[in-house]
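# Residue-level structure breakdown
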Amino acid sequence: MNLVVVSNRVSRASANEPMTGGLAAALLPVVEKSGAIWVGSSGRVRDGAQKEPFAEIEALGAGALAMLDLPAAHYAGYYEGFANSALWPALHSRTDLIRSSHDDYQSYREVNSFMARALLRFRKLETVFWIQDYHFLALGAELRDLGVTHPIGFFLHTPWPTRAIFSGVPHHRELVEAMLAYDLIGFQTDDDRDNFLSYVESELGLEITGGIVASRFGHSRCAVFPIGIDPAKFAAHAAKAASHPDVSRLRRSLNGEKLAIGVDRVDYSKGLVNRIEAFDRMLTLQPQLKRAVSLLQIATLSRGTIEAYGDLQDQLAKLVSDVNGRHGEVDWTPIRYLNKGFSQTVLAGLYRTAQVGLVTPLHDGMNLVAKEYVAAQNPVDPGVLVLSKFAGAAQELDTALLVNPHDIDGMARTIAMAFSMPLLERRMRWEAMMAKLRAGTIQDWFADFVDALQDAHAANDKAAALTLAGDPAVVWPLRSYSAPGGSRYH
Ligand code: G6P
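Residues numbered from 1 in each chain as written. Predicted model: local features only at pLDDT ≥ 70, side-chain atom pairs only at ≥ 80, totals over all residues. Heavy atoms only, no water.

### Quick word on the overall build of the chain
Regarding its fold elements, the chain presents 16 helices and 16 strands. Computed over C-alpha atoms, the radius of gyration of the chain comes to 23 Å, within 12% of the 23 Å expected from 2.2 N^0.38 for 490 residues, which places it in the range of a compact globule. Projecting the C-alpha coordinates of the chain onto the three principal axes gives extents of approximately 80 × 50 × 45 Å. Residue burial in the chain is summarised as follows: out of 490 residues, 59% are buried. A fraction of 76% describes how many contacts in the chain between residues 6 or more apart in sequence connect residues 24 or more apart. On the chain, roughly 19,300 Å² of surface is accessible, and the fraction owed to carbon and sulfur atoms is 52%. Here the chain carries 48 positive and 54 negative side-chain charges, and the mean point of each set is 6 Å from the other. (Helix = DSSP H or I, 4+ residues; strand = E, 2+ residues; numbered from the N terminus. Rg over C-alpha atoms; globule rule 2.2 N^0.38 Å. Buried < 20%, exposed > 50% of the residue type's maximum accessible area, 1.4 Å probe, protein only. Contact = heavy atoms within 4.5 Å. Areas by Shrake-Rupley, 256 points an atom, 1.4 Å probe, with all protein chains shown as cover. Lys, Arg positive; Asp, Glu negative; His and termini not counted. Charge placed at Lys NZ, Arg CZ, Asp CG, Glu CD.)

Encoded structure:
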């Protein structure tokens, strides 16, 4: 099999360089090992019609990385416009933030079509295409229009919202119809898949049997594949990073204080304002915690040219300085707020230094920081994860302290409770979470999806052949699905 993985953002970084976003960080090690070709944006643009798309290709582990210059005329409309100012807000249930023109949609479709043409050069007889995330909802349909009959799968890293919310996206019907060109559509949680299927049924009026949608393209199977991490690798990074200068400087600077850590892109979906407000409230309600605890919030800047992101950056900077001004002392700063990224190794060391991990998004597909924080803990003295019930990770990590990020008082109390949790309870909760992480690693996720995609495509081919032969008894599915070694996906 020749696997071609496609995502907007790719990563050539090693564990020692900073990375942006869960998707690229998660894919890097599995792509490297599998020998796949990973195709994505170079981050640069290029003018002109580009009959032959320009790609910079370099080795990546056993495989290769192909970075394309996207069309200059359409990049902003595609990335800042439709992908991140229409789809991203809607997928995170923030239709109030949708700002997108008809031209943005045209640019989005142009870039999807450009990417489809670019992918043809990687197509071989045995090629399997696996498209990632909301930047490329229509890429499968574009490939089919170019005559590609290979297996094409899609995985959504974000949530899928309710029908009413998704129908706030301009051109929503066209987009979802185009998605049905994929043989397999993967989601992070049952809720995401169910929301998608209920949209398809009620908005498009299509028939669904056992999670399989029949459309003009054939059949599309919709299933759940919760993304994981490599917990053993993270634990090894965490142990190794203890002596890293950033980590040892942090430890020395704490003067016996307990530390909470948050690591996020500055994005309205991450619930950063509510988190800082909860920390503020905790210090007001429990002044004895002053000097005894502090928060390290790493907040990497992202999509800053989009107004909603620029506004949030300003709001957070002001809020943090206000909290520090009100509660700070000459020798104690409640919140250390850093707008820079760290490598995975250093992050693992920082996670292990912190007694509390704060992962409190308003909506999140999975949130791998939650999983990484757990994996990085010292088994004999683990920290406590405070986790939003609206992160996909909460489905698995249900022994974290689950919070409602809209309830500031509740979060303030829970964070205080996390700081004082006894060792025995910390260990029990942590061991239960580690068992979940080990049972669903990133390697499992990758292998399960690719197996299911090949099955779905084979079943689709067979159904098409039988229909052509006029067999009236064709019923879908032709076989039942089960992942090797027991079904992790459903
Ligand atoms: C989320 C998305 C990814 C994206 C990442 C970083 O994790 O699901 O597709 O790559 O954010 O965002 P950016 O716009 O900087 O690539």
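### Examining empty space enclosed by the protein
Throughout the structure, instances matching the rule amount to two cavities of 30 Å³ or more. Roughly 120 Å³ of internal volume is contained in the largest cavity. For the largest cavity, the full set of lining residues is Ala25, Ala26, Pro29, Gly228, Ile229, Asp230, Lys233, Phe234, Gln344, Leu368, Glu372 and Ile442. When residues of the lining of the largest cavity are traced back to their parent elements, those giving at least two are α1 (22-34), α8 (231-241) and α13 (368-375). The leading source of residues in the lining of the largest cavity is α1, at three residues. Taken together, the residues of the lining of the largest cavity break down into seven nonpolar, two polar and three charged. The residues that make up the lining of the largest cavity include at least three from each of domain 1 (2-227 + 444-489) and domain 2 (231-439). In this structure, the second largest cavity encloses a volume near 40 Å³. Taken together, Gly383, Val384, Leu385, Thr399, Ala400, Met421, Arg426, Arg429, Trp430 and Met433 make up the lining of the second largest cavity. Residue assignment for the lining of the second largest cavity shows that the elements contributing at least two residues are β15 (384-388) and α15 (423-439). The leading source of residues in the lining of the second largest cavity is α15, at four residues. Among the residues forming the lining of the second largest cavity, the class breakdown is six nonpolar, two polar and two charged. (1 Å grid on protein atoms, 1.4 Å probe; cavity = no way out; pocket = protein on both sides within 12 Å on 5 of 7 lines; lining within 4 Å. Points joined across faces, edges and corners; volume = space filled by probe spheres on them. Nonpolar A, V, L, I, M, F, W, Y, C, P; charged D, E, K, R; others polar. Domains from an automatic or database assignment.)

### A closer look at the sheet that holds strand β13 (residues 335-338)
What the six strands build is an open sheet, ordered β13-β12-β11-β14-β15-β16; its pairing is parallel. A strand with exactly one partner marks an edge of an open sheet, and here the two such strands are β13 and β16 (401-403). Direction aside, neighbouring strands of the sheet carry axes that sit 20° apart on average. Inspection of the sheet shows strand β11 (residues 258-265) paired to strand β14 (residues 356-359) by two bridges, in the parallel sense. Of the residues in β14, the one forming a bridge with isoleucine 261 is glycine 357. (Pairing = 2+ DSSP bridges. Axes fitted to C-alpha atoms, helices over the stretch in contact; angles between N-to-C directions.)

### Notes on the layout of surface pockets
Put simply, the largest pocket is a space of about 860 Å³. Forming the boundary of the largest pocket are 41 residues, of which Thr20, Gly21, Gly22, Leu23 and Arg265 lie nearest the centre. When grouped by side-chain class, the residues that make up the lining of the largest pocket number 17 nonpolar, 16 polar and eight charged. Each of two domains, domain 1 (2-227 + 444-489) and domain 2 (231-439), supplies a minimum of three residues to the lining of the largest pocket.

### Brief notes about the site of the ligand
Surrounding the ligand, one finds 13 residues, the nearest of these being Arg9, Tyr79, Asp133, His135 and Arg303. Within the side chain of tyrosine 79, an N or O atom sits 2.5 Å from an oxygen atom of the ligand. Between the ligand and the protein, one listed contact pairs an oxygen atom with a side-chain N or O atom of aspartate 133 at 2.5 Å. For the ligand, whose accessible area on its own is 380 Å², the fraction buried by protein is 93%. (Near = heavy atom within 4 Å. Polar contact = N/O pair within 3.5 Å; in protein donor to acceptor, adjacent residues only side chain to side chain.)

### Some words on helix α12 (residues 344-353)
In terms of burial, α12 is largely enclosed, as nine of its ten residues are buried. Taken together, the buried residues of α12 touch α1, α8, α9 (245-253), β11, β12 (293-300) and α13.

### Some points on the pattern of salt bridges
As enumerated under the stated definition, the model contains 25 salt bridges in all. For arginine 44, the salt bridge identified is with glutamate 56, shortest N-O distance 2.8 Å. Of this pair, arginine 44 sits in strand β2 (residues 37-46) while glutamate 56 is found in strand β3 (residues 55-60), placing the two residues twelve residues apart along the sequence. Arginine 44 sits in the partly exposed class, given a relative accessible area of 39%. With relative accessibility at 30%, the residue glutamate 56 sits in the partly exposed group. Between arginine 265 and aspartate 267 there is a salt bridge; the shortest N-O distance is 3.1 Å. Among the residues examined, aspartate 267 registers a relative accessible area of 0% and is labelled buried. (Salt bridge = Lys/Arg side-chain N within 4 Å of Asp/Glu carboxyl O.)

### Side note on the domain arrangement of the chain
Many analyses report the size of an interface as the accessible area lost when the parts associate. Domain parsing of the chain yields domain 1 (2-227 + 444-489) and domain 2 (231-439). Here domain 1 and domain 2 have C-alpha centroids that lie 31 Å from each other. The interface is formed by 31 residues belonging to domain 1 together with 27 residues belonging to domain 2. A buried area of about 2,100 Å², summed over both sides, lies between domain 1 and domain 2, and 60% of it is on carbon and sulfur atoms. Remark: the boundary between domain 1 and domain 2 carries zero salt bridges. Linking domain 1 to domain 2 there are six residue pairs in polar contact (both at pLDDT 80 or more). When residues of the side of domain 1 that touches domain 2 are traced back to their parent elements, those giving at least two are α1 and α2 (72-91). Looking at the side of domain 1 that touches domain 2, its residues break down into 14 nonpolar, twelve polar and five charged. (Buried area = accessible area lost by both parts, 1.4 Å probe.)

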